[in-house]
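# Coordinate analysis (summary)
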Amino acid sequence: MLAGDFTAITSPQCNAGRQINLNAPFVNNRIDPALFSPASVKMTSLLGAAPTDPCGRVLFDRVDDSDEDVFTTKVDLTLSNSHSVFGRLQFNKFDSPTNYDGKTAMSFSTSAFRNRVYSLALGDTKLFGNDTVNAIRVTINRGNYGKTIVPLVEYSDLGVAATPVMEDYMRLAVTGGFSVMGPGALPTLTPTWTYQVANDLTVVRGSHQWGFGGTYIHNKYDSTSYLAASGNTTFTGQATNLGLADFLIGRAASFSAGTLTGVQTRNHYIGIYAQDSWRMSPNVTINVGLRWDPYLPVYSPDGRFTRFDRERFTQGLRSTTFPNAPPGLIFPGDDAMPGNSIARNDWLNLAPRVGLVIDPKGEGRETIRTSYGRLYDLPHMQTFSAQAQMSPWGNTSTVTNMPQGWDNPWVAVPGGDPIPALLNGPNASSTFPLGANYTTFPLDLPATSTDQWNISYQRQVGPEWMVSANYLGNVVHNVWTANQINAAVFGPGATVPNTNQRRELFRENAATGQYFASIQELDPNGSSTYNGVMVQVQRRRADGFSLQGNYTFSRCITDRWNQEPGVSGAPYLIPGNRDADRGKCPNSPDH
């Protein structure tokens, strides 16, 4: 191919019986090598391997190795008959080298992992007489998850007229050909911290066992993403009908570049409870409790959140923090934002619990148990990762119109290469790109909660047999889903290139709507239900023989939970129609 002859690689023998005919500037699937892109020729020389057959097959090795160590230690100390303390320490280390073979660029698809996890737990238990005990627990968890770079090549090594953000690293993919430094090869850095303090006080008074306690948790999540900074150049075959042909003549389908991004989020959790276990009679016990579980949404210590407000867009209201932002975007520092938090605090979450245990005849051979409880949950910190990828915090520019190929990708872009300006970081004069993607969260953002109830009956039959029937049901409220609120309207003349011109905001106001492409809005109003019944028969061990059998029938129905809006999570299949995605829970068979 480097001699300009593509007849072999386009032949039926290399394409599952299909002949490929290359478009101009190829003639009869041949071309003058003088028309090759200098950057592509240079890249070819750095691949470190040559084809082993006319179809372009390249053979190489990949390293596959890992090493994991776990260290644990504990200390238990009895200070007196009524006072004891303990400590637990655990250290986990996981190292995995890159799969790069040291010579073939195409072998590099995974960076070296270097993961460290540290966990420390301390406890203090104190008895106050025969009827009161207090337990304090302190926990610190530290995680450091990283992937390190393997330096190979950057734009300046190839003569590409683009600013390299990452030293000796760039991504490139050729459809039907090769790729170098794909997403799995990207370096990352994700340190996390969790600090927790809990206190539980138990007091026995007559037939009552009281419990009082509380928990405080503080989470820190800092991540650095190199996805945008690594750029990405794709050759798809759209120019010549063959990806490798597009590559050698420099006809890239797209060229993207951006800056380092990262999300720094923090959150606080507070939970306080009181409960009572009351033995009303020898065969009746009641448990009641109440937990205060306020939801305090995550916040960004440096205010790196972006929110879109449709009403402000319609009214033409702009941010005072970033005056060049299009109408509808607001940021911490603007009056419409709740400080540096992504949403307002919700202080009124109360979680009641009640349980009842009855021995109908007081013989200890059968029981009836039933309970109800409300439980609140918190989103994981990666839920908000998309915030780091939006303007002005994370910037990615993509160009598809390259008259001079990828050797000079920004030549047709007004102002030329945008990266040097973006490297100055966000400031009051920051500009915002056209057709950008955004993910937004409502200011009133309820925590997900579950109402759960159950009832069970257990009975001993004879000296060896036991039968039971159990029912469990729950409803999950405020399942976090996502809706596309700037969908493209389909109609006559609709094409992929004019997608953004068919979007709702562009149709409402082209001058300001042109700044927006996809806008995913978190919708916290989803729900799910579960109902299950299990019957069980058990023969206890006797004469060396035991038997146990059970049958379960359950049904779980849910809306589409979006675990990471704007990143790995998926919005509704039909914008605005949550019900269209409602269905059976994954991995939840009926029987």
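Coordinates for the structure precede this section.
Attention here is on the structure that accompanies the text. (Residues numbered from 1 in each chain as written. Predicted model: local features only at pLDDT ≥ 70, side-chain atom pairs only at ≥ 80, totals over all residues. Heavy atoms only, no water.)

### Quick notes on the overall build of the protein
For the protein, the helix and strand inventory stands at 7 helices and 24 strands. In terms of overall dimensions, the protein has C-alpha extents of about 95 × 65 × 55 Å along its principal axes. In the protein, 68% of the contacts between residues at least 6 apart in sequence involve partners at least 24 apart. Counting every atom, the protein has about 29500 Å² of accessible surface; 54% of that belongs to carbon and sulfur. Side-chain charges in the protein split into 45 positive and 48 negative, and the spacing between the mean points of these groups amounts to 5 Å. (Helix = DSSP H or I, 4+ residues; strand = E, 2+ residues; numbered from the N terminus. Contact = heavy atoms within 4.5 Å. Areas by Shrake-Rupley, 256 points an atom, 1.4 Å probe, with all protein chains shown as cover. Lys, Arg positive; Asp, Glu negative; His and termini not counted. Charge placed at Lys NZ, Arg CZ, Asp CG, Glu CD.)

### Re the nonpolar core
In this structure, Phe 6, Leu 172, Phe 178, Val 180, Phe 247, Phe 255 and Trp 406 are the most contacted members of the largest nonpolar core, which totals 46 residues. Contributing elements (two or more residues each) for this core: helix H1 (38-45), helix H2 (155-158), strand E5 (172-174), helix H3 (243-248) and strand E11 (254-258). With 4 residues, H3 is the largest single contributor of residues to this core. When sequence neighbours within four positions are dropped, the list of residues in contact with Trp 406 reads Ser 37, Ala 39, Ser 40, Leu 158, Val 160, Met 170, Leu 172, Thr 233, Phe 235, Phe 247, Gly 250 and Ala 252. Core analysis: the second largest hydrophobic core is formed by 20 residues, Tyr 221, Phe 305, Ala 388 and Leu 445 among them. (Core = buried A, V, L, I, M, F, W, Y, C linked by side-chain atoms within 4.5 Å. Buried < 20%, exposed > 50% of the residue type's maximum accessible area, 1.4 Å probe, protein only.)

### Quick word on the packing of aromatic side chains
Inspection of the entire model under this criterion finds 23 aromatic pairs. Ring centres of Phe 235 and Trp 406 lie 5.7 Å apart, and the angle between their planes is 85°; this geometry places the pair in the edge-to-face category. Remark: Trp 406 occurs in the loop between strand E18 (396-399) and helix H5 (419-422) and Phe 235 occurs in strand E10 (residues 232-235); sequence separation between them is 171 residues. On the basis of relative accessible area, Phe 235 is assigned to the buried category, the value being 0%. (Phe/Tyr/Trp six-rings, centres within 6.5 Å; stacked < 30°, edge-to-face > 60°.)

### Topic: the state of the cysteines
Applying the stated criterion to the full structure yields 2 disulfides. Cys 14 shares a disulfide with Cys 55; S-S distance 1.9 Å. In this structure the cystine formed by Cys 14 and Cys 55 twists about its S-S bond by roughly -80°; its chirality is therefore left-handed. Pair noted here: Cys 14 is in the segment before H1 and Cys 55 is in the loop between H1 and strand E1 (67-80), with a separation of 41 residues, a long-range link. Overall, the relative accessible area of 22% leaves Cys 14 in the partly exposed class. Numbered by order of appearance in the sequence, the disulfide-linked cysteines of the protein pair as 1-2, 3-4. (Disulfide = S-S within 2.5 Å.)

### Some words on unusual backbone geometry
Look at the link from Ala 24 to Pro 25: it is a cis peptide, with omega at 15°. By the secondary structure assignment, Pro 25 is in the segment before H1. Pro 392 follows Ser 391 through a cis peptide bond whose omega is 5°. Mapped onto the secondary structure, Pro 392 falls in the loop between strand E17 (366-376) and E18. Phi at Ala 16 is positive, roughly 55°, even though this residue is not glycine. Looking at where Ala 16 falls in the secondary structure, it is placed in the segment before H1. Positive phi, close to 60°, is recorded for Asn 478, a residue that is not glycine. Relative to the assigned elements, Asn 478 resides in strand E21 (residues 465-484).

### Structural notes on the pairing of E21
Two elements, strand E20 (residues 449-461) and E21, share 13 bridges in a ladder whose sense is antiparallel. In the strand pairing of E21, Ser 456 is matched with Asn 470. Between the antiparallel neighbours E20 and E21 lie 3 residues, among them Gly 462 with a positive phi of about 70°. (Pairing = 2+ DSSP bridges.)

### Observations regarding the sheet that holds E10
Neighbouring strands of a sheet are bound in pairs by backbone hydrogen bonds; such pairs are parallel or else antiparallel. What the 5 strands build is an open sheet, ordered E6-E5-E10-E11-E18; its pairing is mixed. Because the sheet does not close on itself, it has two edges, and the strands there are strand E6 (179-180) and E18. As paired strands, E5 and E6 are joined by 2 bridges and run antiparallel to one another. Residue pairing in the sheet places Ala 173 in a bridge with Ser 179 of E6.

### Re the side chain of Ser 528
Looking at the element boundaries, Ser 528 is found in strand E22 (residues 516-542). Overall, Ser 528 belongs to the buried group, its relative accessible area being 9%. If near-sequence neighbours (up to four positions away) are discounted, Ser 528 is found in contact with Asn 474, Val 475, Val 476, Val 479, Ile 557, Thr 558 and Arg 582.

### Overview of the pairing of E10
In this sheet, E10 lies alongside E5 in parallel orientation, the contact comprising 3 bridges. Note that in E10 the partner of Ala 173 across the bridge is Thr 234.

### Considerations on the layout of surface pockets
Any empty space left between atoms is shown by rolling a water-sized probe over those atoms. Space inside the second largest pocket adds up to approximately 720 Å³. Along the walls of the second largest pocket sit 32 residues, with Met 1, Ile 9, Pro 51, Gly 56 and Leu 244 positioned nearest its centre. Considering every element that reaches the lining of the second largest pocket, the biggest residue donor is H3, with 4 residues. A breakdown of the residues in the lining of the second largest pocket according to their chemical character gives 19 nonpolar, 10 polar and 3 charged. (1 Å grid on protein atoms, 1.4 Å probe; cavity = no way out; pocket = protein on both sides within 12 Å on 5 of 7 lines; lining within 4 Å. Points joined across faces, edges and corners; volume = space filled by probe spheres on them. Nonpolar A, V, L, I, M, F, W, Y, C, P; charged D, E, K, R; others polar.)

Nothing here speaks to function; it is all geometry.
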